[in-house]
Structure formats: C-alpha cells, structure tokens
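Here are the chains, one letter per residue:
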Amino acid sequence: MSTPASYSRVPEKPTIDGVEDRWAQVWQDQGTYTFDATKTREQIYSIDTPPPTVSGSLHVGHVFSYTHTDCIARYQRMRGLEVFYPMGWDDNGLPTERRVQNFFGVRCDPSLPYDANFEPPAEPGKDQLPISRRNFVELCERLTVEDEKVFEQLWRRLGLSVDWSRTYQTIDKRAQAVSQRAFLHNLERGEAYQSEAPTLWDVTFRTAVAQAELEDRERPGNYYRIGFPAPDGSRIFIETTRPELLAACVALVAHPDDERYQPLFGTTVRTPLFDVEVPVVAHRLADPDKGSGIAMICTFGDTTDVTWWRELQLPTRPIIGWDGRILPETPEWIGTDIGRDTYAAIAGATAHTAKERMVEALGDFIEGDPRPTTQAVKFFEKGDKPLEIVTTRQWYIRNGGRDDQLRTRLVERGAELNWHPPYMQARYTSWVEGLNGDWLISRQRFFGVPLPVWYRLDEHGNPEYGTPLIPADDLLPIDPSSDVPAGYTEAQRGVPGGFMGDPDVMDTWATSSLSPQIAGGWTIDDDLWKRLWPFDLRPQAHEIIRTWLFSSVVRAHLEDDVLPWKNAAISGWILDPDRKKMSKSKGNVVTPLGLLDEHGADAVRYWAASGRPGTDTAFDVGQMKIGRRLAIKILNASKFVLADGVTMPEDLGVITDPLDRAMLAVLANVVTDATAAFDDYNYARALEVTETFFWAFCDDYVELVKERAYGVRGPEAAASAKAALAVALSVMLRLFSPVLPFVAEEVWSWWLEGSIHRAPWPTVDEFGSAAGDAGTVDAVAIVLSAVRKAKSEGKVSMKAEVSSAVVSGPAESLDRVRTAQGDLAAAGRIAELGYDEAPGPVSVDVTLA
RNA sequence: GGGCGCAUAGCUCAGUUGGUUAGAGCACCUGCCUUACAAGCAGGGGGUCAGGGGUUCGAGUCCCUUUGCGCCCA
C-alpha cells in the first residue's frame, strides 16, 4: 500500500496532454508490469495472449479486444496476483508469405540454391523474382521484425500492461521446437498419422486445406443435361455442372427409393465419348429432386463424391492435377481411339477451359440448352479459386472427427471451461459435434514450422512413409530439408537407399494451438511452466473458437489430459455505424494510431471497455469523447479534493459527519459491485458502476461539502470532510485504474507513493466503521435537486439565495435530511430549512429570495 | 437448412436470479461566468421495451409464435 505523502504535487492547471508518453516511459523504466517468476502457481494469474498476425495491420478491433484483456490483467494484478501477460506475434503461415511476395516482389522456388548475398530489389518488379526457400524465409523474418516494432509501439501507447521482456513469435526457434516436439509426442502416441486420401486442395496456393479453413461461396453455374447410353439403346440423362469431369466418372447414382431408376441399379452404362463402363448404384445422399434425380460420381468433383467413393468402394480415376489442370497423360482406363482423342483435347487445360471443350465435344450427347443455376462452392477462406479434390499424402492429428469417444471427451472439456459470456460454449459444442474428419495439419508451403521427419528411400528411391525417421529431442527444432537424420550423410539425400526430408510444413494452427506452451516455456523452462500451467485465461474473438480455441483444447487434452485454461473471455466484433462488420474491403477502417492521437489512450480504452463482453459493438467516436471528458473530469475533481493539503487520514475515526459516512457507505457498495463484475470478467459493468458513482460524487457530494471542507464550520467538521474526500478519491482512482490507467496513475502520483497499478484493489474492509447510512445520500440528493430545479426554473444563478425550503415526507427521510442540513443550507444557499412530517414520497417546497 | 445472438428514447447502449412511476450518455430545448472543471454546471421534453399469444397477484425480464437484422456452420 502506498503511504501518504507529506507533500503534494497537484498541478495548477491539470491536463491529460503528455500523460501517456510520460507514464509509458515510467512503467517501462520501473518495470511496473514485469512478471515475478518466483511466485507460486496459486499466486499467479496467467494469460494466454492472442498473438496478432503481424503481416496484417492493426485495426480498431484489435484495440477493442486487447483493451478488454488488459483491464482484466490490471484488475487481477491489483488483487494481488502476479500476472503473467506476455505478447506473441503470429508471423507464421500464408499471410506472411503473401505479404513478403508482394512487398519484395519475390516468390519461393525451393529448387534454387541459397544465395548468401541476396538482396531483394529496391522496388518490386513486374514479375516475381524466384529465390531459394532459405532466402525467402530470411525475407519473412526481416519483414516481420519491422512489423513487430510497429505493433509494440502501438500497444505501449494504448497502455497494455504487458511484460515486454516476454514476447515470442510463432515462427521463432523456441516456438518451432515446441511445435515439433508436441507433434512428435502426438506421433509417438499414435495421435498423429499420415494418410493417402482425397483432400480439399487449393490450386492457387497448391496446398491442402483443413475443414476449419473452408467457406462456401455462392457461384453461378450451368447444368448440362448429358445422355449416357444404356444397354437397351436408350439414354439415361444426368445433369451436372462439371462436364469436364466426365473422364473421371466412376458410377451413376440415384436414391434407393427412386422408382424411376430402381430398374437400373446393378446394371452398367457407358460414358459418352470415353466409352468407359460404369455401374448404376443407389445411395441415400442422391437427391431425387435435384436435376434428373440421377447423378454422375466423379473422383472427385465435390465432397459428396468422396463420401460415395468411400462408402460404395468405387475405383479412383483422378484427372485433375495439383495445379488444377487436367492431367496431361491419357488415363489407362480410356480404351477407345475416340476416347483418347477427346481426352487429348482437354489434357493440360484448366478446369474452365476443359469445360468449354467438353461441352463442344459432347455435342448431341447434351440435350437442350445449359440451365443456369447458383450453387454453394467450397473455397479456401484466403483463396479465390474453387477448391479441387485431389488425392495426396497428408499428416493428420486426431481431434475426435473420426472417434466418438474422443469427440465426447472434447465436448466435455468445453463444458469444463468457464465461458465469458456463457453462451459462447454452444459454438464450441456444435463445431466439435459436427466434425467429420481428423485435423489436417500438413501444408505444402515454405514459410512455416517443418514437419520434423525424414523417410528412408528404398533401392528404387521410393520413400518408406510408414516408418519415418525421427530426430533426437535435443536437436529440435530441425529442418529436414537441410538437416540430416542420424546415421545418414547429406550425400545420401534423395538417392536410393538414402533418405528424404518431409517437404511440408505444419498448419499455422498446429503451432498457434500451443501458444500457452510456447509462452510458458513448456519443455524449455520447467520451473516457469509449472508456475503457469494450466493457464487462467484465454481471451479471443468468437470467430476462431472452432480453430484456435478448439485446437488448443485438443493439444492440451492429448498431451496433459487437462484443459489449457480455466476461463475463456470471448470478445465481440467492431461494427461500423451501419452495423456491418468493419473490414478493409469496405473501406471503413480507421487507423488505431490516429484514434489514439486524436482522443488519447484513456478515451479510446473507455470506449473499448464500454463494450459488453462478447457483444458486437458499434465503432463510436462519441463514446471516446465521453471518455476523454471523464479523464479530464477526474483530473479536475482530484485537483479540488487534494487542494489545501489533503492527505490520506491516519485514522478513519475523524470521519464523523453523517453525510461523509453515508457517501462512503455508497462507495463501499460500488466497490462490492465493481469487484463482483470484474470477477465475472465484466469490465464494462465495473466501469459503469464506478462512473455513475463518480459523477454523483462530483455533482452532489463535492458541492455539499465544499464550504465545510474550506473550514467554515470549524476544524473538526472540515477534517471529517477532507478525510472522506481523500478516502473516496483513493478508492475511485483504483476502481478506474484498470480502464483509465494513465489518468489514474497521474493523479495517484500527485499525492501517493508508488504505482497505482501495483496498489491493492479496494475492498469493503478498507472502509471499516467509516461507512454509515447509505440512504442519507439519496434523501439529501432529493432536496438538493429540488432547490436546483427551483432556481433553474426561476432562471436564476445557482448561487441565488433561497429564503426557505420546507421538506415534507416520512420521519425517517426527514431525519436523514436533518443530519446534513448544515451542508444542504450552505450548498443551496438556503436561509431557512423547515420540516413537515407527512406520508408519501419526499417533496420540497422552495421559496426563492 | 442448422446453431447462436440481437431488436428498449432521434443515436449508442444499460436494465444482474420477475417486483414501485423503464434508466444513462450523446443529440435537442431552457437557463446559469458557480473561487476543481464553460471541454463546465443546473433543469427539461422525448419510449404502447419489434408484433401477437401465454404463465403470474405482477413481465422489458420466463414460455410459445411471427417478423426483421447479424455472425458461425451446413
């Protein structure tokens, strides 16, 4: 606890200009938020801070949600807990790759050798310059370091109470080691596995895409009605939007109950032009109302094809390559000359071109004109071409998508977590229950954490995927494209009897899902880790519950059979005034730095803290102006309270005046409410009750006790008022400090020692016996208000004299008013204050002089 | 099509387990230079709580339903 200062540094003209730079510097110099790693687990509050994507730019949404977390961090710190509040940078994955490509005008070509003297062009050229993987990664690292500086600057400006000595990157060596080690543990326990399977594939990025990264987009298309020759010479018409996949057709399918096609089940038809014999099969997923009710199954046109192919055990006839083009070689299942000629016409073409050529080639096989339609097509959320499905070898981690027991356990984990607000749990549950596959973690990209395995090559040079070579734990992190497995030499790379590195990197979530492990020193600093784990809080946005939150739960569950945190605080979106989500593409993004410059950090934080947990909040400059005014008001009110050498009283016994004691009783209730709100992660509610009290304190209490505090009614009466003012100010500043750290610290420094942010959170006990009858405040306020109203309606100054005011009401209310009648008469300039006991609500008859 | 949320004053939002006459700020109107603050202060007008039905002594609050909006997923 800060000790009363024997001197006061109250400025003549308080201002909030400059307080941000000044205190940010002091906090940094004094290590105000430095984490003390000697504390034990129960003395620590650990936060799993979301690492922002540094390759993007910060927007007001970041400011919004990070402020919420900071308010919680500051509250817990004042409650006496040692807060572990690190900052991470997410510089992993596609956004960084893309930004580097555009920023420097380069692209990664893994076949090129490393050039130690490489310097990117000063200006990105028209064509992207191909460079080696290592050069590319170096550029990624160079750019992200710059981005991080900008981010840290902004966060400091906003006043985040982060321990800046504890930062991490999701791509740094430590994170790579943690990520690879966790993967190898998964592999050892059989939770990570490889599978050759149809995979959703982005042809632009040439990478597999996980279920969590998909989105459906409405796209226009055309139905083509194609006739398949039946054995009896008739034609069976299917309708398809993808005629270019005809060569990949493996069957026709209709619903088992569809009487039109029941006679055909078990028979075969031949594909037009290609003349490939395919069976007619029945499956419940065939929709009798869609098109002609019978569809062609291709390997693979969409995810339903995959289901049919798997459940009906159909052959695999892929014709689309990893580049999204039709495979150049004529498939062996096409046996006729006309079939081969037709295929030659589409070989190597894009899906789009192939479609045009197939439609032309089919000619009379197509009945009627194409019928326009709109269909939901799957896209990679960051891509702009529809996903194809290709068969590839990929790594997976079990997440319950194929295992009911694990899925049930993970749903239960979600129920163990304290969600703020609670309804967010439903989003987790419905996502986990709807999973239909394991977690695809391998990506065919360059900048990321490499999968830490190699494969032996047999005498023909074919990799033995089933028995990967594992690095020793103390060598992590490794890059299998440059490191060599034990017992081999670099010369054996890629040669028969030698080895090859796994070429892929891990999904960015495979690393982000370990953010508490990375920040907390798992397997790197055991002493620190045991003081932090499991963490107390995961703050994050609601749209990544299915990705970041869920994958983190999966990793902690598999590794330690534990929930990674006790609480999840989910923040909402920032909406523009039209209630649309703010985004760059809509051109309505405001730069955070501009906001901080214009309104000040406390004002921006005030706006952010006014947004209820989990609630989407409108971007509202007006709210920031109110916050700024509040901050200025706090300075001015504090200046008044601290005038005339007010200090914290040695003994609360000097607070004898009933009105002073009543005010403190109300404040004690505010402390109770604000504390309960913060304990429930409701910073907005805590701010609201504090602010409401503060304004009433300024408008009523201060006005009432002004003259008494000046000493008009003697030293004891003045001492009571001054002591009460000091106690109230100290408590209010601490209640405000999580939201308004700068102005609170500024005022604190005028008269008390140490940082307010390390001062104890106020408690009811602090008031001791100084808290009196709270009801007196309301009773007195009614009279004061009535007097003001009379003056206002009489259009006279507030200092105009009142010749008499008669208060009528129940005896209890009158008694309360009497206890403050000296202050009332002074504040209202009332010559004669009379009382008239009467039933009903309190009323006041005011006569102006 | 499924899940979740939202709908309260012109605007942005509170309203904590059902309980006096539904609140705040902004905006608007009328005043007041008042020795902390004119970037201030005082006072005022303004809402059939989206529509309908139900439970209850009592519903903004609980249940059903309709409509509109948003997000996530299929």
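Small disclaimer: the values here were computed from a predicted structure and weren't measured. (Residues numbered from 1 in each chain as written. Chains lettered and ligands numbered in written order. Predicted model: local features only at pLDDT ≥ 70, side-chain atom pairs only at ≥ 80, totals over all residues. Heavy atoms only, no water.)

Undergrad: Kindly report on the packing of helix H18 (residues 658–679) against helix H19 (residues 683–710), identifying the contributing residues and their values.
TA: Contact pair H18 / H19: the axes reach a minimum separation of 9 Å and the direction vectors enclose 170°. Taken together, H18 and H19 sit at an angle that is classed as roughly antiparallel. Between H18 and H19, the residues in contact are Leu659, Asp660, Met663, Val666, Leu667, Val670, Asp673, Ala674, Ala677 and Phe678 and Tyr683, Arg685, Ala686, Val689, Thr690, Phe693, Phe697, Tyr701, Leu704, Val705 and Arg708, respectively. (Axes fitted to C-alpha atoms, helices over the stretch in contact; angles between N-to-C directions. Helix = DSSP H or I, 4+ residues; strand = E, 2+ residues; numbered from the N terminus. Parallel < 35°, antiparallel > 145°, perpendicular 65-115°, else oblique. Contact = heavy atoms within 4.5 Å.)

Undergrad: If you had to explain the sheet that holds strand S28 (residues 830–837) to someone new, which residues and values would you point to?
TA: The strand order across the open sheet formed by three strands is S28-S27-S29, and the pairing between neighbours is mixed. Looking at which strands have only one partner, the edges of the open sheet turn out to be S28 and strand S29 (843–848). When strand polarity is set aside, the average angle formed by the axes of neighbouring strands in this sheet is 15°. Across seven bridges, the pairing between strand S27 (residues 802–809) and S28 is parallel. Looking across to S28, one finds that Val806 is bridged to Gly834. (Pairing = 2+ DSSP bridges.)

Undergrad: Would you mind going over the protein's contact with RNA strand B in detail, with residue names and values included?
TA: Contacts to RNA strand B come from 32 residues, most closely from Arg546, Arg629, Lys633, Glu688 and Tyr710. Atoms of RNA strand B within 4 Å of the protein belong to the sugar or the phosphate in 72% of instances, the rest to bases. Between RNA strand B and the protein, one listed contact pairs a sugar or linking oxygen with a side-chain N or O atom of Glu688 at 2.8 Å. For the surface near RNA strand B, the elements supplying multiple residues, two or more each, are helix H17 (621–641), H19 and helix H22 (775–793). Grouping the amino acids of the surface near RNA strand B by side-chain chemistry returns twelve nonpolar, five polar and 15 charged. (Near = heavy atom within 4 Å. Polar contact = N/O pair within 3.5 Å; in protein donor to acceptor, adjacent residues only side chain to side chain. Nonpolar A, V, L, I, M, F, W, Y, C, P; charged D, E, K, R; others polar.)

Undergrad: I'd like to hear about the packing of aromatic side chains, residue by residue, with values.
TA: This structure, assessed with the given rule, holds 29 aromatic pairs. Between Trp27 and Phe742, the aromatic rings sit 5.0 Å apart at their centres with planes inclined by 35°, giving tilted as the arrangement. On the criterion of sequence distance, the pair formed by Trp27 in helix H1 (residues 19–30) and Phe742 in helix H21 (residues 741–751) is long-range, its members being 715 residues apart. You can call Trp27 buried: its relative accessible area is 6%. Arranged with centres 5.1 Å apart and planes meeting at 80°, the rings of Phe183 and Trp395 form a pair that is edge-to-face. With Phe183 in helix H5 (residues 173–188) and Trp395 in strand S16 (residues 388–397), this residue pair connects regions lying 212 residues apart in the sequence. Each member of the pair, Phe183 together with Trp395, is buried. Here the aromatic residues Phe35, Phe84, Trp529, Trp533 and Phe535 are joined through ring pairs into a cluster of three or more. (Phe/Tyr/Trp six-rings, centres within 6.5 Å; stacked < 30°, edge-to-face > 60°. Buried < 20%, exposed > 50% of the residue type's maximum accessible area, 1.4 Å probe, protein only.)

Undergrad: Before we move on, can you summarise H22 with the specific residues and values?
TA: Here H22 is 19 residues long and its end C-alpha atoms lie 27 Å apart, about the 27 Å a rise of 1.5 Å per residue gives. When H22 is considered as a whole, its buried residues turn out to be Gly775, Thr776, Ala779, Val780, Val783, Leu784, Val787, Ala790 and Lys791. Just beyond H22, the residue with positive phi is Lys795, at close to 55°. (Expected span 1.5 Å × (residues − 1).)

Undergrad: Break down the sheet that holds strand S11 (residues 249–254) for me, with residues and values.
TA: An order of S12-S13-S11-S14 is seen for the four strands of this open sheet, with the pairing classed as mixed. What marks the edges here is a single partner per strand, and that holds for strand S12 (268–270) and strand S14 (294–298). Between one strand axis and the next, the sheet turns through 35° on average, direction left out of account. With three bridges joining them, S11 and strand S13 (residues 277–282) adopt parallel strand pairing.

Undergrad: Can you break down the side chain of Arg74 residue by residue, with the values?
TA: Considering the arrangement of structural elements, one finds Arg74 in helix H2 (residues 60–78). A polar contact of 3.1 Å, which involves the side chain of Arg74, links it to the side chain of His757. Beyond its immediate chain neighbours, meaning those up to four positions away, Arg74 contacts Trp27, Tyr33, Gly159, Leu160, Ser161, Arg605, Ser737, Pro738, Pro741 and His757.

Undergrad: Run through the nonpolar core, naming residues and quoting values.
TA: Judged by nonpolar contacts, the single largest core of 122 residues is most densely connected at Trp155, Leu664, Leu667, Phe697 and Trp751. With 14 residues, the top contributor of residues to this core is H19. The contacts of Leu664, once residues within four sequence positions are left out, are Ile655, Ala724, Val727, Ala728, Phe767, Ala770 and Ala771. Formed by 75 residues, the second largest nonpolar core is a distinct cluster that contains Val106, Phe118, Leu417 and Trp439. (Core = buried A, V, L, I, M, F, W, Y, C linked by side-chain atoms within 4.5 Å.)

Undergrad: Give a detailed account of the side chain of Thr392, specifying residues and quantitative values.
TA: Tracing the sequence through the fold places Thr392 in strand S16. In terms of polar contacts, Thr392 uses its side chain to reach the side chain of Thr199, at 3.1 Å. A distance of 2.9 Å separates polar atoms of two side chains, one belonging to Thr392 and the other to Gln394. Ignoring anything within four residues of it in the chain, the contact list for Thr392 reads Ser195, Glu196, Ala197, Thr199, Trp201 and Trp322.

Undergrad: Break down the environment of Gly520 for me, with residues and values.
TA: Along the chain, Gly520 falls in helix H12 (residues 515–520). Each C-alpha atom of the pair Gly520 and Arg166 lies 9.4 Å from the other, and the pair is 354 residues apart in sequence. Setting aside its immediate chain neighbours within four residues, Gly520 contacts Phe84, Asp525, Leu528, Trp529, Leu532 and Phe535.

Undergrad: Tell me about the pattern of salt bridges, and name the residues and values.
TA: Pairing of side chains with opposite charge becomes possible as their charged atoms draw close. Summed over all chains, the structure comprises 49 salt bridges. The residue Glu82 makes a salt bridge to Arg758 at a minimum N-O spacing of 3.3 Å. Taken together, the positions of Glu82 in strand S2 (residues 82–84) and Arg758 in the loop between H21 and H22 put the pair 676 residues apart, joining distant regions of the chain. A relative accessible area of 6% places Glu82 in the buried class. Between Arg493 and Glu490 there is a salt bridge whose closest N-O contact spans 2.7 Å. Ionic contacts of the salt-bridge type, sharing partners, join the residues Asp657, Asp660, Arg708, Arg713 and Asp823 into one network. (Salt bridge = Lys/Arg side-chain N within 4 Å of Asp/Glu carboxyl O.)

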